[in-house]
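# Breakdown of the fold
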Amino acid sequence: MEQHPSGLSVPELEALVNLSRGRIQKTMDLLSLESPAPIVKHGSKWQLIAARLGQGFWERAKRLTALRRAEQQQMQDYVSLESGHMAFLIRALDGEPGLVQAPRLPPLPTTASAGLVREAVAFLRRTSLRFEPRKKWPAGGLPQFLVRGDIDSNRRAQEGRSLCAWGDAGWGDLVRQGKYQDRHFSDDLVTACVGLLQTWHPQPAPAWVTCIPSLRHPDLVPDLARRLAKALGLPFHAVLEKTAERPAQKTMANSAQQALNLDGSLAIRETLPGGPVLLVDDMVDSRWTVTVAAWLLRRHGSGPVWPLALALTGHDE
């Protein structure tokens with residue numbers, strides 16, 4: 001902010017610091033409550049003024065942090081309890097457990113039948129998750145791709161589908177095992193993706209398949225996409241290439257940082273076959289990867305781009 005005397009909005013700050021929008025907004029709100037406040041707001045922009053933070057601000061911050069750590073430890077202690085949950089809560093709220101009569105209830109079961117577990121897993125594996133295409137580039141745009149503002153409707157991805165949420169009790173464990181242990185996604189996941197597409201039935205239907213490339217795991221997703229294309233009876237074309245290694249999207253704390261992390265890192269390496277395309281990836285973190293990939297594919301002549309992922313990670317902002 002010292003380098004921007006005219007002030008910065010929260011979206012502009014997102015492009016400059018790798019912190020979530022929520023943390024940035026809370027920081028600005030907290031600083032504005034100081035007396036005297038070191039920042040003021042004019043319109044949508046925050047500006048620094050001559051006032052400086054006193055030592056009392058940092059002491060309060062330390063006390064609050066210590067309090068939140070203690071509360072977090074209480075929650076962890078509560079989760080690890082095998083009994084005495086109500087007494088623990090009463091003590092945490094400064095009450096006397098001996099004054100409260102516990103209701104007479106039968107203990108909850110700690111196991112379930114194998115048949116019930118199979119039914120539950122089958123139910124969870126019937127689900128799929130939608131994710132919307134991004135419709136606008138981040139504040140300031142992507143300088144290397146020379147884009148900013150709204151994404152043209154004929155350059156956007158279509159609505160995508162994910163087989164599961166990362167770590168869920170349906171397909172989540174199998175996705176994690178394939179990515180980090182086996183380094184190979186199982187045929188069961190390919191079959192599940194075929195079933196998802198049959199239920200989804202995107203129109204116009206994909207005429208070919210491609211995938212998001214990776215320099216860290218160059219064979220993992222292409223192998224999945226090739227097997228899926230074969231199962232669907234569609235040709236596979238690896239038309240996208242990664243031109244620069246960047247940090248993982250999950251390490252980027254806000255949407256602007258996630259988008260800038262991809263700027264200039266993807267390219268088209270061969271002539272496209274044309275027609276609607278199924279764009280395959282293993283994880284969807286921020287939606288910016290499929291957004292940039294779809295923009296490149298449409299720009300180079302593909303038809304509608306239908307994103308398909310194995311898992312949504314929950315890092316989207």
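Our structure is the block above this text.
Okay, so let's go over this structure. (Residues numbered from 1 in each chain as written. Predicted model: local features only at pLDDT ≥ 70, side-chain atom pairs only at ≥ 80, totals over all residues. Heavy atoms only, no water.)

Right, let's talk about the pattern of salt bridges for a bit. One pass over the structure, following the stated rule, counts eleven salt bridges. Close ionic contact of R130 with E159 constitutes a salt bridge, the shortest N to O distance being 3.6 Å. Residue R130 is located in strand β3 (residues 129-131), and its partner E159 is located in the loop between β3 and β4 (160-165); the two are separated by 29 residues in the primary sequence. For R130, a relative accessible area of 58% gives the class exposed. A residue is classified by how much of its surface remains accessible, and E159, at 22% relative accessible area, is partly exposed. Note that E159 is salt-bridged to R161, the shortest N-O span being 2.8 Å. (Salt bridge = Lys/Arg side-chain N within 4 Å of Asp/Glu carboxyl O. Helix = DSSP H or I, 4+ residues; strand = E, 2+ residues; numbered from the N terminus. Buried < 20%, exposed > 50% of the residue type's maximum accessible area, 1.4 Å probe, protein only.)

Counting buried positions along β4 yields five of six residues, so the element is predominantly enclosed. Sheet analysis places β3 next to β4, joined by three bridges and oriented antiparallel. Bridging from a neighbouring strand, F131 pairs with G160 of β4. Two strands pair when backbone bridges link them, and β4 and strand β9 (residues 305-312) are joined in this way by four bridges, in the parallel orientation. Within β9, the residue paired with C164 across the bridge is A311. (Pairing = 2+ DSSP bridges.)

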